[in-house]
Amino acid sequence: MSQLVIENVSKEFGALKVLQSCHLAVEKGQVVTLLGPSGCGKTTLLRSIAGFLQPDDGRILVNGTDISHLPPNRRDVGYVFQNYALFPHLTIRDNIAYGLTIRRRPREEIRRRVDEALSLIALSAFADRFPKQLSGGQQQRVAIARSLVLEPEVLLLDEPFNALDAQLRLSMQIELRKLIDRVGITSIFVTHDQQEAMTLSDRIAIMRGGRIEQLGAPLDIYDRPRTDFVADFIGRANLLPTEVAGGRTRSPQPIATELPDGPATLVARPENIEIVTGDAVGWSGMIGFSTALGPVIEYEIDCGLREPIRAAIPRQAGRAPLEPGTRVTARVRDEAAAVLLPGRGAQGGTAHG
Amino acid sequence: MVDATLMAPRRRRFSLASFLDGGGFWPAVPAVLYLAVFMVAPIVTLLAFGFVTIDRGTVGEGGFTLAHMAGVLSDPLVWRLMWRSFWIAVVSTTLTLVFAYPVAYAYGHLKGIARTLLLVAIISPLLTSALVRTYAWIVVLGGRRGLLNQTLLSLGIVDQPLQLLNTSTAVVIGMTQIHLPFMILPLLAVLSERDRRFEEASLNLGASEVSTFFRVVVPMSMPAIVAGFALVFAVSYTNFIIPQLLGGGNYSTLAVQVYEQTIVVLDWSRGAALATLLLSTCFLFVFAIVALGNCFTRWNEVRR
Amino acid sequence: MSVLRQTSTAGDRVARAGFIALTAFSVLLLVAPSLIVIAISFEPRAYIAFPPSGFSWRWYAAVFQNQQLIDSVWVSLRISVIVMLICLAFGVPAAFASVRGRFVGKAGLNAFLLSPQMMPGMVIGIASLFFGAYIAFRASDLMLVLSLSVFCLPFVVRIVMARLSGLDPLLDEASANLGAGKLTTFRRVTLPQIAPAAFAAAAFTFIEAFDNVTVSLFTSDVRARPLPVELYYLVQFDSSPIIAAISALEIGLSFLVMLVIAKAVGLDRLAR
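1. Quick word on the overall build of chain A
Here is step 1: A count of helical and extended segments in chain A gives 8 helices and 19 strands.
Here is step 2: For chain A, the C-alpha atoms occupy an extent of roughly 80 × 50 × 35 Å along the three principal directions.
Here is step 3: Classification of the 353 residues of chain A by burial places 43% in the buried group.
Here is step 4: Counting contacts in chain A only where the partners sit at least 6 residues apart, residues at least 24 apart contribute 65% of the total.

In structure tokens:
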């Protein structure tokens, strides 16, 4: 039995459908990230699990029990806010002890558990300070400890790295993942940052327009996106409109596929595009804008399509980058890695990640 | 070749804009002078008058004397009145707080027309004179024909009309209600702008709404509570109109004494000495309130 | 806030009911006296009764027939307008220095400009009276105007300062970048933005001066009493509903001023 199940949850705000029939099952100890652009409903879904919002439809189950109608103070879930919401008028110790104090635990027990929590986050020396006196990263750890000390079934985190400096982020993400692993708690993150999702999660749920578009392990989603949007949102992708006829695409470089006849979109990541000067089987065009990204050069190749094809070519010592205007052919290097999606996506050719 | 325009001295044209925006002190000079002449000088005169003998509106013989101050400070009536002024101010301010807080809190939860109506109800009293508002209480609390008594008598709750007017009770009730807007507004400003996520966090950690209110909302609004309390206390302590009109002819407080000595008895020296006592004790009490409040708001002052 | 509306413990429900009751009582406490006074003002008989036994405008008519009252209203109007103009003239520039000034002691200037509000009106009144006596100057319209302006100056300074510091300084830079000189920028960018606030400050100052008792009692001319002073004496000697009528008119005036302020800057701005 999954530890957390979100079953057919929907929510409307007036005419706006913020959540539409969301399904999600999370196993014990898993870390799942709800990833999507702003307005996709990810925070709404998180807040519904916490009980700050009542869905119009559907159920939320924890360990098989329906908690959908429980008020937020009777659910066994921890919630870490984006700005941490540490009580400014309480010391760090009192902040962490808050939930235990409410539950009227014996004073000795509270002190022991808070001390344990403080050493878990390595902030024992700050116990008697006020939140104002701590850095952003320290406040985040306190917020997490405040929830963890109550040993909830699930931990919910709302864009916990948003408030931190960019340099700190990656190291803090790794630290946080290690902490979660050590405690072994089922966690659900919300973020719009795809790199954060890739770093933290066992599984990612990509959300758009109130729905979960795809759920899977990070690399699975990366290698096998199931829609244009997902392909575009994770990593960078070339989305090339084409048509399938008799098991092959009718593109300049025909690709074998099992899709039925009809319009289709060919998804090829820039690192899977190779550039050949001179004639070859593929999309012929001209080098346009190029970006030097350090280990890789990304070329835009104008092939007469709505968007240029992007290719990421590793730099080779001694070889100068290709000049704009050079006539080249772009081809998919590993045909097996290319993905074909049925239907002409609404975006038809945008390629940015 | 030297550029001639660089050599010419720049003529600074005076413009209203640069006068006002020039980053200077000058635009404030008229106001400062005005206050210096019409506020500072008078206040100094007031303080000084307590230390000289004023005879028929002019400084009499004798020069500097402590007699008037001593007379005031050694008068047991003065101390009794000061004590009375103090406790009616404390009691009424506390009651004002009790009634003001829910209103300020509720404002944050109202929307649209209800919110506007409430704001109108709060601000309108501030724009009417203290007299009008005190008169309302004279009417309500008045003797046999006072409205409260009329109501109680007709409902059979009492047989005899209650003697409410011309008592300390009337003064406290009047002060409590009349000063409500002064307490509501600072609280309202803070409560309506508060971050609701702290309350969500508290609920998430298992607290009930009641617990959340007393453990999170109220403590976090403590700076505003202290400020409001200090303000309303000062206004109540130095108020002479309400005690005079609701307390009646035989009722007095320190502030009322200041009025009487100055306008009725025309003993300006004594009046000045009493005013000095009133002002200085007021500052002292407010200071004590703020210092006491600081114990509860230390968390707001700390720095990283 | 949907959180509060969900089902919660019985204790919470009881507490919430109690809280709503307390709030309702407090709001009633806030408005009832004024409403009662307005109701009484329509009483046709010569004494106070609630609810009124009928509906009559006689006491309002009595107000307009009372020459002393009418005179005092004129006095108050005259005085208040002058006080308003003085406070604007001195207060608006002072606010500019307080907000945009770059000099040592700005905090001191701020405190000084707002200091009249730190003391009871009575003290300003008595101090002015004494000072006047000292320089052989009697209580009169002039003394009243001067003392009231001192009392009301902080209102203007505070309201205009609040507006000024809320202005985006980048707008001035944009204006300069587009070619406007300092005077033009002031005229076209700064002034229009603070005008509503200055207007609201003026309205507020007017009504505070109009209503003021604590200062006026000491510095007004005995022969030309402003309305609140007139009322002060009337309240102690007359118990007819005429005072209720005047009160109702004053409450009406306060609504008018509130409307003006609301149109200018919005009521909630005043609340800060």
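2. Notes on the overall build of chain C
Here is step 1: Regarding its fold elements, chain C presents 13 helices and 0 strands.
Here is step 2: Tracing chain C from N to C terminus, the helices and strands come up as α-α-α-α-α-α-α-α-α-α-α-α-α.
Here is step 3: Along the three orthogonal principal directions, the C-alpha set of chain C runs to about 70 × 70 × 30 Å.
Here is step 4: For chain C, the residues scored as buried account for 48% of the 272 residues in total.
Here is step 5: For chain C, long-range pairs separated by at least 24 residues make up 73% of all intrachain contacts whose partners lie at least 6 apart in sequence.

3. Overview of the confidence of the model for chain A
Regions with low pLDDT carry predicted coordinates that are not meant to be interpreted in detail.
Here is step 1: Model confidence for chain A is summarised by a mean pLDDT of 89, while 97% of its residues fall at 70 or above.
Here is step 2: Residue range residues 346-353 of chain A is modelled with pLDDT below 50. Its contacts to residues more than four positions away, or to other chains, number 27 contacts.

4. A closer look at the domain arrangement of chain A
Here is step 1: When its domains are assigned, chain A resolves into domain 1 (4-223) and domain 2 (236-342).
Here is step 2: Between the C-alpha centres of domain 1 of chain A and domain 2 of chain A there is a distance of 40 Å.

5. Some words on the pairing of strand β13 (residues 262-268) of chain A
All names here are of chain A.
Here is step 1: For β13, the buried fraction is high: 5 of the 7 residues fall into the buried class.
Here is step 2: When strand β11 (residues 238-245) meets β13, the two strands line up antiparallel, connected through 7 bridges. Along β13, the bridge assignment pairs Leu240 with Leu266.
Here is step 3: Of the strand pairs in this sheet, β13 and strand β19 (residues 339-342) are connected by 4 bridges, and their pairing is antiparallel. Its bridge partner lying in β19, Leu266 is registered against Leu340.

6. A closer look at the interface of chain C and chain B
Here is step 1: If you look at the interface, chain C gives 78 residues, while chain B gives 76 residues.
Here is step 2: Top element by residues in the side of chain C that touches chain B is helix α2 (residues 10-40) of chain C. It accounts for 17 residues.
Here is step 3: Here the residues of the side of chain C that touches chain B are counted per class, giving 56 nonpolar, 13 polar and 9 charged.

7. Considerations on the domain arrangement of chain C
Residue and element names in this part refer to chain C.
Here is step 1: Each domain of chain C was delimited in the assignment, giving domain 1 (2-40) and domain 2 (65-271).
Here is step 2: The gap between the C-alpha centroids of domain 1 and domain 2 is 35 Å.
Here is step 3: Listed as interface residues are 4 residues of domain 1 and, on the opposing side, 5 residues of domain 2.
Here is step 4: Broken down by class, the residue content of the side of domain 1 that touches domain 2 amounts to 3 nonpolar, 1 polar and no charged.

8. Focus: the sheet that holds β13 of chain A
Here is step 1: Read from one edge to the other, the open sheet built from 4 strands follows the order β12-β11-β13-β19 (chain A), with strand pairing classed as antiparallel. Of all the strands in the sheet, just β12 (248-249) and β19 of chain A have a single pairing partner and so form its edges.

9. Description of the nonpolar core
Here is step 1: Judged by nonpolar contacts, the single largest core of 158 residues is most densely connected at Ala104, Ile184 and Leu187 of chain B together with Val160 and Ala201 of chain C.
Here is step 2: For this core, the element with the most residues is helix α7 (residues 141-165) of chain C, which contributes 15 residues.
Here is step 3: Both domains that furnish three or more residues to this core are identified here as domain 1 (2-40) and domain 2 (65-271) of chain C.
Here is step 4: The contact partners of Ile184 of chain B, leaving out residues within four places of it in the chain, are Ala100, Val103, Ala104 and Ile122 of chain B.
Here is step 5: Listed in part, the 99 residues of the second largest apolar core include Leu156, Leu176, Ile204 and Phe233 of chain A.

10. A few points about the interface of chain B and chain A
Here is step 1: Contact residues are listed per partner, giving 17 residues for chain B and 18 residues for chain A.
Here is step 2: Elements with a contribution of two residues or more to the side of chain B that touches chain A: α11 (197-204) and α12 (209-220) of chain B.
Here is step 3: Here the side of chain B that touches chain A is built from residues that sort into 10 nonpolar, 4 polar and 3 charged.

11. Topic: α7 of chain C
Residue and element names in this part refer to chain C.
Here is step 1: For α7, with 25 residues, the first-to-last C-alpha span of 35 Å sits near the 36 Å given by 1.5 Å per residue.
Here is step 2: Largest kink in α7: about 40°, centred on Phe151, with the proline Pro154 one to four residues after it.
Here is step 3: In terms of residue burial, α7 counts as a mostly covered element, since 20 of its 25 residues are buried.

Each value, and the rule that gives it
Residues numbered from 1 in each chain as written. Chains lettered and ligands numbered in written order. Predicted model: local features only at pLDDT ≥ 70, side-chain atom pairs only at ≥ 80, totals over all residues. Helix = DSSP H or I, 4+ residues; strand = E, 2+ residues; numbered from the N terminus. Buried ≥ 20, exposed ≤ 12 C-beta atoms within 10 Å, placed from the backbone. Contact = placed C-beta atoms within 7 Å. pLDDT = per-residue confidence, 0-100. Domains from an automatic or database assignment. Pairing = 2+ DSSP bridges. Nonpolar A, V, L, I, M, F, W, Y, C, P; charged D, E, K, R; others polar. Core = buried A, V, L, I, M, F, W, Y, C linked by C-beta atoms within 7 Å. Expected span 1.5 Å × (residues − 1). Bend = angle between axes of the 7 residues up to and from the residue.

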